[in-house]
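Read off the chains here:
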Amino acid sequence: MIAREPDQYLRLIPARYRGRITFVIGPGERGPPDEGAVDLLYIDSSHARDDTIREVAAWRPVLHAGSVIVFDDYAHPDYPGVREAAEALGLVGEQHGDLFVHRVLG
């Protein structure tokens, strides 16, 4: 059974794409469940700086030029660790509301 919040996200996606989406519910620093390439990595976890840095490092091997990393709660005042992690990693991107979007260059 899919957790409630991911199910709400899936309803926003056209049905023909839903089979390409995998939600990893748990610490992101474990990395991907397999070695397949990842086009979109959406990070919404502990919000702590060091945890977020470890998550990006764990997923880096499956990211490719053109992959997108989205950091949730980037601008949220209660979670400064998200912004701190993106800055510490030297990521360049765009802020959209509370999200920060980074495109992997290669």
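Details of the structure are given in the entry above.
None of the values given here were measured: they were computed from a predicted structure.

Undergrad: So what exactly am I meant to see when it comes to the packing of aromatic side chains here?
TA: Given two aromatic rings, one states the distance between the centres and the angle between the planes to describe the pair. Scanning the model with the defined rule gives three aromatic pairs in all. A ring pair is formed by tyrosine 9 and tyrosine 42, whose centres lie 6.2 Å apart and whose planes are at 55°; its orientation type is tilted. Taken together, the residues span a long stretch of sequence, with tyrosine 9 in helix H1 (residues 4-10) and tyrosine 42 in strand E1 (residues 38-43) at a distance of 33 residues. A relative accessible area of 31% means that tyrosine 9 is categorised as partly exposed. Ring geometry for phenylalanine 71 versus phenylalanine 100: centroids 6.1 Å apart, planes at 50°, classification tilted. Of this pair, phenylalanine 71 sits in strand E2 (residues 63-71) while phenylalanine 100 sits in strand E4 (residues 99-103); the two residues are 29 residues apart in sequence, bridging distant segments of the chain. Given the relative accessible area of 6%, phenylalanine 100 is considered buried. By way of ring pairs, the aromatic residues Phe71, Tyr74 and Phe100 are connected into one cluster.

Definitions and limits used
- Residues numbered from 1 in each chain as written.
- Predicted model: local features only at pLDDT ≥ 70, side-chain atom pairs only at ≥ 80, totals over all residues.
- Heavy atoms only, no water.
- Phe/Tyr/Trp six-rings, centres within 6.5 Å; stacked < 30°, edge-to-face > 60°.
- Helix = DSSP H or I, 4+ residues; strand = E, 2+ residues; numbered from the N terminus.
- Buried < 20%, exposed > 50% of the residue type's maximum accessible area, 1.4 Å probe, protein only.

What is shown is where atoms sit, not what they do.
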